[in-house]
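# Geometric and topological summary
Okay, here's what each chain looks like letter by letter:
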Amino acid sequence: MYGILLICGCLTGITSALFGFGGGFVVVPLMYASLSYSHAQNSGVGLAAMHIAVATSTTLMRFSASMSTLQHHRMRSVKWGMVQP
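The rules behind the values
Residues numbered from 1 in each chain as written. Predicted model: local features only at pLDDT ≥ 70, side-chain atom pairs only at ≥ 80, totals over all residues. Heavy atoms only, no water. Helix = DSSP H or I, 4+ residues; strand = E, 2+ residues; numbered from the N terminus. Rg over C-alpha atoms; globule rule 2.2 N^0.38 Å. Buried < 20%, exposed > 50% of the residue type's maximum accessible area, 1.4 Å probe, protein only. Contact = heavy atoms within 4.5 Å. Areas by Shrake-Rupley, 256 points an atom, 1.4 Å probe, with all protein chains shown as cover. Expected span 1.5 Å × (residues − 1). Polar contact = N/O pair within 3.5 Å; in protein donor to acceptor, adjacent residues only side chain to side chain.

In terms of regular secondary structure, the protein chain is built from four helices and zero strands. Beginning at the N terminus, the succession of helices and strands in the protein chain can be written as α-α-α-α. For a compact globule of 85 residues, the expected C-alpha radius of gyration is about 12 Å, and the protein chain comes in at 17 Å, more than 25% above that figure. For the protein chain, the C-alpha atoms occupy an extent of roughly 50 × 25 × 15 Å along the three principal directions. Put simply, the protein chain has 85 residues, and 15% of those count as buried. Counted over contacts in the protein chain with a minimum sequence separation of 6, partners at least 24 positions apart contribute 23%. Looking at the protein chain as shown, the accessible area adds up to about 6700 Å², and 69% of this sits on carbon and sulfur atoms.

Written as structure tokens, this is what we have:
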């Protein structure tokens, strides 16, 4: 299992670097498959496996985007006057 996770982590990094996406493209199906495999289909986790996978990916994207925005703000490379809510 750890070998599969290592390969998927490398694939995520490569697709993120090359195409600008990778987390949702690789990690969501991997999380769904691993949650479905490790829990019974009728259990709470088994029934909500896709929701858990998507929510986890969304949370990580929000954190990553926030950290990136903060870093660009510190470098003063964001023109906040052009940003509209």
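Before going further, it helps to examine helix α4 (residues 49–74). In a regular helix each residue adds 1.5 Å, so 26 residues correspond to 38 Å; α4 covers 38 Å between its end C-alpha atoms and thus fits that length. Turning to α4, its buried residues number three or more, namely A49, A53 and S57. At the C-terminal side of α4, R76 shows a positive phi close to 60°.

This paragraph deals with the environment of I52. Along the polypeptide, I52 turns up in helix α4. Look past the residues within four positions of I52 in its chain and what remains in contact with it is M31, L35 and V45.

Side chains three or four residues apart in an α-helix point the same way, a direct result of the helix having 3.6 residues per turn. Look at helix α1 (residues 2–19): 25 Å from first C-alpha to last across 18 residues, which is about the 26 Å you get at 1.5 Å a residue. Positive phi appears at G20, one or two residues downstream of α1, with a value of about 85°.

Here A33 shows up in helix α2 (residues 23–38). Judged by its relative accessible area of 43%, A33 falls in the partly exposed class. Sequence separation between A33 and A49 is 16 residues; the distance between their C-alpha atoms is 8.3 Å.

All right, on to the side chain of S36 then. Mapping S36 onto the fold places it in helix α2. The class of S36 is buried, set by a relative accessible area of 15%. A distance of 2.9 Å separates a polar side-chain atom of S36 from the backbone oxygen of Y32. In contact with S36, other than residues within four places in its own chain, are Q41 and A49.

That is the geometry; function is a separate question.
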